[in-house]
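An overview of the molecular structure
The lines below spell out each chain.
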Amino acid sequence: MQIFGVDIGGSGIKGAPVDLDRGDLAKERHKVLTPHPATPEAVVEGVREVVEHFGWTGPVGATFPGVITDGTARTAANVDKSWIGTDIRKLVSDRLGGTPVTVLNDADAAGVAEMHFGAGKGRTGTVLMLTLGTGIGSALFTGGRLVPNTELGHLELHGHDAEKKASSKAREDEDLTWEHWARRVQKYLAHVEMLFSPELFIIGGGVSRKAHKFLPLIEGISAEIVPAQLQNNAGIVGAAMAADGRA
Ligand code: BGC
């Protein structure tokens, strides 16, 4: 069975039909650059372009990098503030001719995919997926069930929003060594561990491809720490799963 998944991010809008039995893309994904300014109207036009590239007319799952309740964006940390209060579910559905649309947070979507098909498969304890990218996204699971919108990237770390210090963007912007950045990630993980005592941390985001450069440097964390397995496609797969009621 296939459902369309689309991942709305600060730099790109990526999507493909997803094979829900395999947990993988059924066709090579299509990407358009996120327009700037990334207003809801402009971004939704990009979503339409991605979906129409495949001639898709069925249900669609979409991710968004902010808190989502009832298909509506409640926060917009790294995207245009005009998203706050936007009914994304309706906006996308209207633009796609009325097809059913499901919207969820981007890290939640990636986490759902990892729990079913990737690094979290079969884990029933408390699992935390953290995506280290432009911001830090989080997805919390217990008994395999998602607790949505945890937003742990905005915990305070030494007086700052944690994602401003420990995201992958912070490493690049401040030109930090892997050692320096790993120390920050370690402090962040210690804080999150103190709050939730997970049995497993899954580290996602583009930087998870380079996990060998920083995960071995992280010490003093009791939980197991592993890189995400689905990497770039986790958001797309998770969005399609959510549209099929599997989130
Ligand atoms: C947002 C989260 C999002 C994360 C990763 C944060 O700034 O608040 O909702 O999951 O970035 O994109």
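Calculation criteria
- Residues numbered from 1 in each chain as written.
- Predicted model: local features only at pLDDT ≥ 70, side-chain atom pairs only at ≥ 80, totals over all residues.
- Heavy atoms only, no water.
- Phe/Tyr/Trp six-rings, centres within 6.5 Å; stacked < 30°, edge-to-face > 60°.
- Helix = DSSP H or I, 4+ residues; strand = E, 2+ residues; numbered from the N terminus.
- Buried < 20%, exposed > 50% of the residue type's maximum accessible area, 1.4 Å probe, protein only.
- Pairing = 2+ DSSP bridges.
- Near = heavy atom within 4 Å.
- Polar contact = N/O pair within 3.5 Å; in protein donor to acceptor, adjacent residues only side chain to side chain.
- Nonpolar A, V, L, I, M, F, W, Y, C, P; charged D, E, K, R; others polar.
- Domains from an automatic or database assignment.

Things to note about the packing of aromatic side chains
For the coordinates displayed, the defined rule picks out six aromatic pairs. When the ring of Trp178 is compared with that of Trp181, the centres are 5.9 Å apart and the planes differ by 70°; the resulting orientation is edge-to-face. You can see Trp178 and its partner Trp181 sitting in helix H6 (residues 178-196), three residues apart, about one turn around the helix. Accessibility assignment for this pair places Trp178 and Trp181 in one class, buried. Ring geometry for Trp178 and Phe214: centres 5.9 Å apart, planes at 10°, overall stacked. Within this pair, whereas Trp178 is found in helix H6, its partner Phe214 is found in helix H7 (residues 211-214), the two being separated by 36 residues in sequence. Taking relative accessible area as the criterion, Trp178 reaches 17% and is therefore assigned buried. When its relative accessible area of 0% is taken as the criterion, Phe214 is described as buried.

Some details on the pairing of strand E1 (residues 2-8)
In terms of burial, E1 is a largely internal element, six of the seven residues being buried. Sheet topology note: the E1/strand E2 (residues 12-19) ladder contains seven bridges and is antiparallel. Its bridge partner lying in E2, Asp7 is registered against Lys14. Two successive antiparallel strands, E1 and E2, enclose a turn made up of three residues. Relative to strand E5 (residues 60-64), E1 runs parallel, the two being bridged by four bridges.

What about the site of the ligand?
In the vicinity of the ligand, the contacting residues are Pro65, Gly66, Ala77, Asn78, Asn105, Asp106, Ala107, Ile136, Gly137, Glu151, His154 and Glu163. In the model, an oxygen atom of the ligand is placed 3.1 Å from a nitrogen or oxygen of the Asn78 side chain. His154 places a polar side-chain atom, nitrogen or oxygen, 2.7 Å from an oxygen atom of the ligand. Residue assignment for the shell around the ligand shows that the elements contributing at least two residues are helix H3 (106-117) and strand E10 (136-142). Its residues assigned to classes, the shell around the ligand shows four nonpolar, five polar and three charged. A domain-level breakdown of the shell around the ligand finds at least three residues from each of domain 1 (2-106 + 233-243) and domain 2 (109-231).

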